[in-house]
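The primary structure of each chain is shown beneath.
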Amino acid sequence: QTCNRYIYVSIFVFQCRFTSYSSFPPQNHHASCTLLYKKPFVESFEETPLLVAVLTYIGYGILTIFGYLRDFLRDWKFEKCHLAREREEQKDFVPLYQDFENFYTRNLYMRIRDNWNRPICSIPGAKMDLVERVTPDYNWTFEHTGNVLKDVINMGSYNYLGFAENTGTCADAASECTVKYGVGVSSTRQEIGNLDKHEELEKLVARFLGVESSMAFGMGFATNSMNIPALTGKGCLILSDELNHASLVLGARLSGSTIRVFKHNNMQSLEKLLRDAIVHGQPRTHRPWKKILVLVEGIYSMEGSIVRLPEVIALKKKYKAYLYLDEAHSIGALGPRGRGVVDYFGLDPSDVDIMMGTFTKSFGAAGGYIGGKKELIDYLCLHSHSAVHATSMSPPITQQIITSMKCIMGEDGTTLGQERLCQLSENTTYFRRRLHEMGFIIYGNNDSPVVPLMLYMPAKIGAFGREMLKRNIGTVVVGFPATPIIESRARFCVSAAHTREMLDKALNAISEVGDLLQLKYSRKNRNGSEGTDCFSFLESHQD
């Protein structure tokens, strides 16, 4: 019996090595931690199969060797190089272009460049029209054929609630606003670019978020990169999730603060950094930090995971830190009322010090916002580079946001907003379940409309995108350096505008291409469950 128990425990360890089960209790081991969640928090990050990882490294190795060989031929003028290089008279200068990035672009990215920057000639709705193009020189340049690929199912746009449309209430309101206000403002908010529409929008956003005040900005990326430097500086500490968006990373670097990175969604790692920061203080002087700011996202756009916000807030309160929450992908897409990850967990908005989000996804518009205490917004009005120097948000864009947000809140007198929220949730659950049943490795939370499907090998990145387009499905494929080198993926974004028929057509195409390229790597059960739970396995084999 003892021998049998050792065997079962060994099997358990072996299974856990290859599969990560985030449906277990959260990573923070405090006894009260599980009480922070009102419903199961299920995320899956299945391990890369060993053989696939080895073959992926070999593939990149072969591409790199051939890249150096081709660079040698280019140096000796046997092969023409079309990419930016130093002029002959500047050969003794320090290189202007970063060497490895330029090498990667020349020899690896260029092979599959046709999968990106495709021109779209319609709204990015549930379906879209693509301009057909060909390349006579292996993706160095492209020529338009004059043909248009009609009704391509769009599985890549962040159009979560389907508000990216050219007909309907939002489009009509934006059109009327354009006639009255024009397209551009041609000034900053502090000069003569502050419209009544901007004031109306900010009051609406504050009410939507449940905070005292808010401020809108014309660019989502600049909302992070230009406001974080206004909040922290030298002598401050920023604790950033390792998978945070580039705008958060840039903002943290521009601030001049000390930056420390914690493991993705790992509360033990975050708590260790917080504890060390309190105990040791600043390097060399050991003075206390002026302030500690924790940077997290609501939904991580490359992983499809949702932040463990209840635990983050508990740690933030325990160690008296500040919390900056980026809800670019979660606002409008999560929660029973569409009010983001705070609404999703049923938390108090006042527990988040800085609530940031963008209007570029769920609202079908552009720009971003920051919400919080009135003192915070008054401070940013005077000190934010984006507020002081940037041109104000375009009036029709402002009106698009106002109309779509009122629709979500139900203030337009209809139930359309609530229906779209329910449709998005149903589509997300259905799409993720079907992909799992097919045997693909997909990342992220069960409730996340961002669905990464793992491709791994470099040759399969381009092949997947091309094969899907042949079947009239538009997808986004992502590889290094946007992802780890062995974790290339296709990223699907589910929308409320997708009908069940569209999703079924896309799923059938994905399954067909998955069989063609041998992408069904998952070791989990394919019967719709989350796979065999290791503890259940042990219990079922007890003596």
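Given the structure is predicted, the values throughout are model-derived calculations rather than measurements. (Residues numbered from 1 in each chain as written. Predicted model: local features only at pLDDT ≥ 70, side-chain atom pairs only at ≥ 80, totals over all residues. Heavy atoms only, no water.)

## Description of the nonpolar core
And step 1. Ranked by internal contacts, the top residues of the largest apolar core, which has 63 residues, are Leu239, Leu274, Val294, Leu309, Val341, Phe359 and Met405.
And step 2. Counting the residues that make up this core, at least three belong to each of domain 1 (45–154 + 415–522) and domain 2 (169–409).
And step 3. Listed in part, the 44 residues of the second largest apolar core include Phe431, Leu455, Val477 and Leu519. (Core = buried A, V, L, I, M, F, W, Y, C linked by side-chain atoms within 4.5 Å. Buried < 20%, exposed > 50% of the residue type's maximum accessible area, 1.4 Å probe, protein only. Domains from an automatic or database assignment.)

## As for the pattern of salt bridges
And step 1. Tallying each qualifying case throughout the model produces 28 salt bridges.
And step 2. Glu79 serves as the salt-bridge partner of Arg74, at 3.4 Å between the closest nitrogen and oxygen.
And step 3. For Arg74, a relative accessible area of 2% puts it in the buried group.
And step 4. Lys406 is the salt-bridge partner of Glu200, the closest N and O atoms lying 3.6 Å from each other. Here the residue Glu200 occupies a position in helix H5 (residues 196–209), and Lys406 occupies one in helix H14 (residues 395–409), the gap between them amounting to 206 residues.
And step 5. A residue is classified by how much of its surface remains accessible, and Lys406, at 29% relative accessible area, is partly exposed. (Salt bridge = Lys/Arg side-chain N within 4 Å of Asp/Glu carboxyl O. Helix = DSSP H or I, 4+ residues; strand = E, 2+ residues; numbered from the N terminus.)

## Focus on the packing of helix H4 (residues 169–181) against H14
And step 1. At a minimum axis distance of 8 Å, the contact between H4 and H14 shows a crossing angle of 145 degrees. Relative to H14, the crossing made by H4 is right-handed. Only Pro395, Pro396, Gln399, Gln400, Thr403 and Ser404 of H14 make contact with H4, whose side of the interface consists of Thr169, Cys170, Ala171, Ala173, Ala174, Cys177, Thr178 and Tyr181.
And step 2. Across the contact of H4 with H14, the residue classes tally to eight nonpolar, six polar and no charged. (Axes fitted to C-alpha atoms, helices over the stretch in contact; angles between N-to-C directions. Left-handed = near helix turned anticlockwise from the far one by under 90°. Contact = heavy atoms within 4.5 Å. Nonpolar A, V, L, I, M, F, W, Y, C, P; charged D, E, K, R; others polar.)

## Some words on the side chain of Arg339
And step 1. Here Arg339 shows up in the loop between strand S8 (322–326) and helix H11 (341–345).
And step 2. Buried charged residue Arg339 carries no salt bridge. Nearest counter-charge: Asp343, at 5.7 Å.
And step 3. A distance of 3.4 Å separates the side chain of Arg339 from the backbone oxygen of Phe208, its partner in a polar contact.
And step 4. Leaving out residues up to four positions away in the same chain, Arg339 has contacts with Arg207, Phe208, Glu327, Ile331, Leu334 and Met409. (Lys, Arg positive; Asp, Glu negative; His and termini not counted. Polar contact = N/O pair within 3.5 Å; in protein donor to acceptor, adjacent residues only side chain to side chain.)

## Quick look at a nonpolar patch on the surface
And step 1. On the surface, Leu50, Leu51, Val54, Leu55, Ile58, Ile62, Ile65, Phe66, Leu69, Phe72, Trp76 and Phe78 cluster together into a nonpolar patch covering about 1300 Å² of accessible area.
And step 2. Within the secondary structure, Leu51 is located in helix H2 (residues 50–75). (Patch = residues over 30% accessible without salt bridge, like charges linked within 9 Å, V, L, I, M, F, W, Y side chains within 5 Å. Areas by Shrake-Rupley, 256 points an atom, 1.4 Å probe, with all protein chains shown as cover.)

## Structural notes on the environment of Leu248
And step 1. Relative to the helices and strands, Leu248 resides in helix H8 (residues 246–255).
And step 2. Classification of Leu248 as buried rests on a relative accessible area of 0%.
And step 3. C-alpha separation for the pair Leu248 and Glu297, spaced 49 residues apart in sequence, amounts to 9.2 Å.
And step 4. The contacts of Leu248, once residues within four sequence positions are left out, are Asn224, Ile228, Leu295, Glu297, Tyr324 and Asp326.

## So, the UniProt feature "transmembrane region" (unreviewed entry) in the protein chain
And step 1. According to UniProt, the "transmembrane region" (unreviewed entry) feature falls on residues 50–69.
And step 2. End C-alpha atoms of residues 50–69 are separated by 29 Å, and the span's content is 100% helix alongside 0% strand. (UniProt positions renumbered as here; feature names shortened; annotations may be inferred.)

## Some words on the side chain of Arg106
And step 1. As for its position among the elements, Arg106 is in helix H3 (residues 99–107).
And step 2. By relative accessible area, which is 10% here, Arg106 ends up buried.
And step 3. In contact with Arg106, other than residues within four places in its own chain, are Asp71, Arg74, Cys81, Leu83 and Trp140.

## A look at the sheet that holds strand S14 (residues 476–478)
And step 1. What the three strands build is an open sheet, ordered S12-S15-S14; its pairing is antiparallel. Each edge of the open sheet is held by one strand with a lone partner, namely strand S12 (450–456) and S14. Strand-to-strand twist in this sheet, taken as the mean axis angle between neighbours without regard to direction, amounts to 25 degrees.
And step 2. The pairing of S12 with strand S15 (residues 488–493) spans six bridges and is classified as antiparallel. Bridged to Met454 within S15 is Arg489.
And step 3. On top of the sheet, helix H15 (residues 416–438) reaches S12 and S15; it is set at about 20 degrees to S12, its chief contact. (Pairing = 2+ DSSP bridges.)

## Topic: the sheet that holds strand S5 (residues 237–241)
And step 1. In space, the seven strands of this open sheet follow the order S4-S10-S9-S8-S7-S5-S6, with mixed pairing throughout. Each edge of the sheet is formed by a strand with only one pairing partner; in this case those strands are strand S4 (213–217) and strand S6 (258–262). If you compare each strand with its neighbour and ignore which way they point, the axes differ by 20 degrees on average.
And step 2. Pairing geometry for strand S9 (residues 354–358) and strand S10 (residues 368–372), over four bridges, is antiparallel. When the sheet's bridge partners are listed, Met355 is paired in S10 with Gly371.
And step 3. With respect to the sheet, H8 is in contact with S5, S6, strand S7 (292–297) and S8, its orientation differing from that of S7 by roughly 165 degrees.
And step 4. Docked against the sheet, helix H12 (residues 374–383) engages S4, S9 and S10, running at close to 135 degrees with respect to S10.

## Examining unusual backbone geometry
Across the chain, the bulk of peptide bonds are trans and the bulk of non-glycine residues have phi less than zero.
And step 1. In this structure, Pro481 follows Phe480 across a cis peptide bond, with omega equal to 10 degrees.
And step 2. Positionally, Pro481 belongs in the loop between S14 and S15.
And step 3. The backbone of Tyr138 shows a phi angle near 55 degrees, a positive value even though the residue is not glycine.
And step 4. Looking at where Tyr138 falls in the secondary structure, it is placed in the loop between strand S2 (127–134) and strand S3 (143–154).

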